[in-house]
Amino acid sequence: MVDKVQQIVSSKIAVSAVVLVLLGITARDYGLTIDEPIYIDCNERLVEWLQDFHRIGIAANLTPERLAEGWYYGRPECKSLSFVSVISTAAFFLGGQLDSPLVAFRWGNLFFFALTCGFLFEWVSRVHSKPAALVALIALLGTPRIFANANLLSIDPLVGCFWILCARLLTTPNQGWSRAILFAVLCGIGMTTKPTFWFALPGWFLFAVLFRRWDLWRFAVAGVIVAPVTFFLFSPMWWNDPVAGIVGYVDMLRNDPVGWKIDAYYLGDIYQAEGFPPLPWHGIPVTLLITTPVWITLLAGIGSLRWLRSRSKDHSVALWILGAITLPAICMFPSTPAHDGVRLYLTSLFFVAMLAGTGFEYLSQRWLKAKSSAIDASTDPQIPDAARRTPADCLPLKPKNWRSIVAVTATGVVALASTRLIHPLELSFYNSLVGGLNGAAKSVEQDRSLPIQVRPRFEITFWWDALHPPVLQELQQHLPSGSRLWLFPEHSGIAELRLWKLLRDDIEIVGPESAEFVLIYGRLGRVLQAQPLDDMFLRREPVWEYRHDDTRILALFRWQ
């Protein structure tokens, strides 16, 4: 038993270490994205607040004014909650500052994502087999939009990380108070990542009721008591009035006139922006379908169907299916925002990857002729519902032959190739169902009343991630000394780019009134609302451009 525990721990550490090294190499390949400067500003405020303990004392630093200033979260200027800054600030001082400024604050996210990969591998290994766990891990890293977000100082990957860590505890055999309290603490911290995590809680309650998991009553008790305490412990901006703070925050989210009006671009039309209709419900499943590699979708579909047809429903797979459908289903409501591609429901793709492992496990049993031995469900302590299952019902098998090795290797090669071909533009990834990025940008005819009647089908890019250092340096070679440059859409990280010596000091960033040049970033939901920039970006010859797959991502034009 001790040897088995050591093997499990060592496999977690090995997987996490490999993923962390990989992300540490690739994180510097992405440009400074639109939200990262906001989080960096919050980090600086947090550091100043911590330093003030020595300067002004504890009592003065815990006043409502100082707490609001030092913990600059949950407000119209920064709607984010605190954990993304807490972990990135901690990682910065633990060694991130030794890296390049662009990557320094990303190390907190890199660490948590790598840690989650270790737990994901261990979980799928227990439920299925190590080959299936490897396929699930490859699917996670081989989903380009997950991989890109994992490299950034971004909130949404953290939501997926805590969702997986909490759900894993619901399936562990020892359902004592220690695990229940750990679950509640992780839930409380997860709640400080982003409100999308909050939707996991009713989903887990539904899981417990449907599968009659009354043994989870300790988790419910701890969740009601410990999770809120943990949540407020990580939310100092509301320490002086917790109830009013959280109520005001929810009210701000519900009535925010800007946050609900961020553009979404789908099938040649603009949605959700001011004056435009909400995104139709089918935009969510279609976007998921065309931005996920086809092989992952197929394996996940096979795994889900296999679970639905099985006589006994494995509880872990049930949690994976629940995690895959919860946020997309919520985003399909007309009143729910669904902008920025799959970012708001990125968590679902974590669980799609695990379901891909389930699909691989089923196919390996059926077609690879793997020599396997079923786990004895009546004695295995790792299956909490073992008493209700027989060896014949058990899905967990351990294939060990060359066919499985070849199949796992093939999935790894395919995943590496699909991600490598578009790196570091994974946020612009589209699969073969629409012909890649070039097919997604293929023009379609629109209403004749529109200024531009022929438009690309799908959004090209998001967040300024394509303006990574080599591209930024190439751009500046086409800007004479003293150039006045207008950026559209706006970029919130100009001060950081200058501070890090990535943007020349002589280039003046101005508005359209005095600009000599305009740099247009191909976020179509914004660009197509701005005339004549829409015509410039889609039709005119630029001074300089950056293309991928014969698709224009960035373009520099003379303005005056």
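Residues numbered from 1 in each chain as written. Predicted model: local features only at pLDDT ≥ 70, side-chain atom pairs only at ≥ 80, totals over all residues. Heavy atoms only, no water.

Next up on the list: the overall build of the chain. For the chain, the count of helices and strands is 24 helices and nine strands. For 560 residues, the compact-globule formula gives about 24 Å, and the C-alpha radius of gyration of the chain, at 24 Å, lands near that figure. Viewed in the frame of its principal axes, the chain has a C-alpha envelope of about 75 × 60 × 45 Å. Residues counted as buried form 58% of the 560 residues belonging to the chain. The long-range share in the chain, meaning contacts at least 24 apart out of those at least 6 apart in sequence, stands at 74%. (Helix = DSSP H or I, 4+ residues; strand = E, 2+ residues; numbered from the N terminus. Rg over C-alpha atoms; globule rule 2.2 N^0.38 Å. Buried < 20%, exposed > 50% of the residue type's maximum accessible area, 1.4 Å probe, protein only. Contact = heavy atoms within 4.5 Å.)

With that settled, the discussion passes to unusual backbone geometry. Looking along the chain, the bond that leaves H423 and enters P424 is cis, with omega of 5°. When you line up the elements, P424 lands in the loop between α19 (402–422) and α20 (436–440). Here the residue pair Q531 and P532 is connected by a cis peptide bond, since its omega of 0° sits within 30 degrees of zero. Along the chain, the position of P532 falls in the loop between α23 (524–527) and α24 (533–539). Positive phi, close to 50°, is recorded for L267, a residue that is not glycine. Relative to the assigned elements, L267 resides in the loop between β1 (264–266) and β2 (269–271). By relative accessible area, which is 39% here, L267 ends up partly exposed.

Where two aromatic rings form a pair, the distance of their centres and the angle of their planes describe that pair. Overall, the coordinates contain 32 aromatic pairs when judged by the stated rule. Taken together, the ring pairs in this structure connect W163, F183, F197, W204, F219 and F351 into an aromatic cluster. (Phe/Tyr/Trp six-rings, centres within 6.5 Å; stacked < 30°, edge-to-face > 60°.)

Let us now look at the packing of helix α5 (residues 83–93) against helix α7 (residues 107–127). Direction vectors running N to C along α5 and α7 enclose 100°, while the axes themselves pass 7 Å from each other. Overall, the two elements α5 and α7 adopt an arrangement that is roughly perpendicular. Residues F83, V84, I87, S88 and A91 of α5 pack against W107, G108, N109 and F112 of α7. Within the contact of α5 with α7, the residues separate by chemical class into six nonpolar, three polar and no charged. (Axes fitted to C-alpha atoms, helices over the stretch in contact; angles between N-to-C directions. Parallel < 35°, antiparallel > 145°, perpendicular 65-115°, else oblique. Nonpolar A, V, L, I, M, F, W, Y, C, P; charged D, E, K, R; others polar.)

So, on to the sheet that holds strand β5 (residues 484–488). Here five strands make up an open sheet; going across it, the order is β6-β5-β7-β9-β8 and the pairing mixed. Strands at the two margins of the open sheet, each flanked by one partner only, are β6 (508–509) and β8 (544–548). Here strand β7 (residues 517–521) runs beside strand β9 (residues 551–558); their pairing, made up of five bridges, is antiparallel. Counted as the bridge partner of F517 is R558 from β9. (Pairing = 2+ DSSP bridges.)

For T89, the position within the fold is in helix α5. Of the residues examined, T89 reaches a relative accessible area of 5% and is grouped as buried. Polar contacts involving the side chain of T89 include one to the main-chain carbonyl oxygen of S85, which spans 2.7 Å. If we skip the residues at most four places from it in the chain, T89 touches N43, L46 and V47. (Polar contact = N/O pair within 3.5 Å; in protein donor to acceptor, adjacent residues only side chain to side chain.)

Now for helix α21 (residues 469–476). Regarding α21, the residues found buried are V471, L472, L475 and Q476. Along the long axis of α21, the arc covered by the buried residues comes to 135°, so they all point the same way. Its buried side turned inward, α21 meets α22 (494–499), β7, β8 and β9. (Arc of directions from axis to C-beta.)

So, on to the nonpolar core. V19, F113, W204, W320, F350, L519 and L554 are the most contacted members of the largest nonpolar core, which totals 177 residues. In contact with W204, not counting residues within four places along its chain, are W163, C166, A167, L170, F183, C187, F197, L319 and L322. (Core = buried A, V, L, I, M, F, W, Y, C linked by side-chain atoms within 4.5 Å.)

It is worth spelling out helix α2 (residues 36–55) at this point. The terminal C-alpha atoms of α2, which comprises 20 residues, lie 29 Å apart, in line with the 28 Å expected from a rise of 1.5 Å per residue. Within α2, burial applies to E36, P37, Y39, I40, C42, N43, R45, L46, V47, W49 and D52. Directly after α2, the chain includes G57, whose backbone phi takes a positive value near 95°. (Expected span 1.5 Å × (residues − 1).)

Let's shift gears to the packing of helix α10 (residues 156–169) against helix α11 (residues 177–190). Across the interface, α10 lies against α11 with an axial gap of 9 Å and an inter-helix angle of 165°. As far as their axial angle goes, α11 and α10 are roughly antiparallel. Seen along the crossing, α10 lies across α11 with a hand that is left-handed. In this structure, α10 uses F162, L165, C166 and L169 to contact α11, whose residues at the interface are R179, L182, F183, L186, C187, I189 and G190. (Left-handed = near helix turned anticlockwise from the far one by under 90°.)

Glancing now at the environment of T287. Its place among the elements puts T287 in helix α15 (residues 283–291). Among the residues examined, T287 registers a relative accessible area of 14% and is labelled buried. Sequence separation between T287 and W238 is 49 residues, and the spatial gap between their C-alpha atoms is 37 Å. Excluding residues within four positions of it along the chain, T287 makes contact with Y266, G341, V342 and Y345.

Most of β7 sits inside the fold, with five of its five residues counted as buried. In β7, alternate side chains face the same way, and those of F517, L519 and Y521 on one face and V518 and I520 on the other are all buried. Two strands pair when backbone bridges link them, and β5 and β7 are joined in this way by four bridges, in the parallel orientation. Across the sheet, F488 pairs through a bridge with I520, a residue of β7.

Before going further, it helps to examine a nonpolar patch on the surface. Side chains of W177, I181, W217, V221, V224 and I225 sit close together on the surface and give an oily, nonpolar patch of about 590 Å² of accessible area. Taken together, the elements giving at least two residues each to the nonpolar patch come down to α11 and α13 (217–233). Broken down by element, the residue count for the nonpolar patch peaks at four residues, all from α13. Mapped onto the fold, I225 is located in helix α13. (Patch = residues over 30% accessible without salt bridge, like charges linked within 9 Å, V, L, I, M, F, W, Y side chains within 5 Å. Areas by Shrake-Rupley, 256 points an atom, 1.4 Å probe, with all protein chains shown as cover. Salt bridge = Lys/Arg side-chain N within 4 Å of Asp/Glu carboxyl O.)

This paragraph deals with the pattern of salt bridges. Where charged atoms from two side chains of opposite charge approach closely, those side chains can pair. For the structure shown, the criterion picks out 24 salt bridges. R45 is paired through a salt bridge with E69; the nearest N and O atoms lie 2.4 Å apart. Taken together, the residues span a long stretch of sequence, with R45 in helix α2 and E69 in helix α4 (residues 64–70) at a distance of 24 residues. According to the relative accessible area criterion, E69 is partly exposed, its value standing at 36%. The residue R547 makes a salt bridge to D550 at a minimum N-O spacing of 3.7 Å. Accessibility expressed as a relative area gives 35% for R547, which makes it partly exposed. Several salt bridges converge on common partners, so that one network encompasses D35, D156, K194, D263, D340, R343 and R523.

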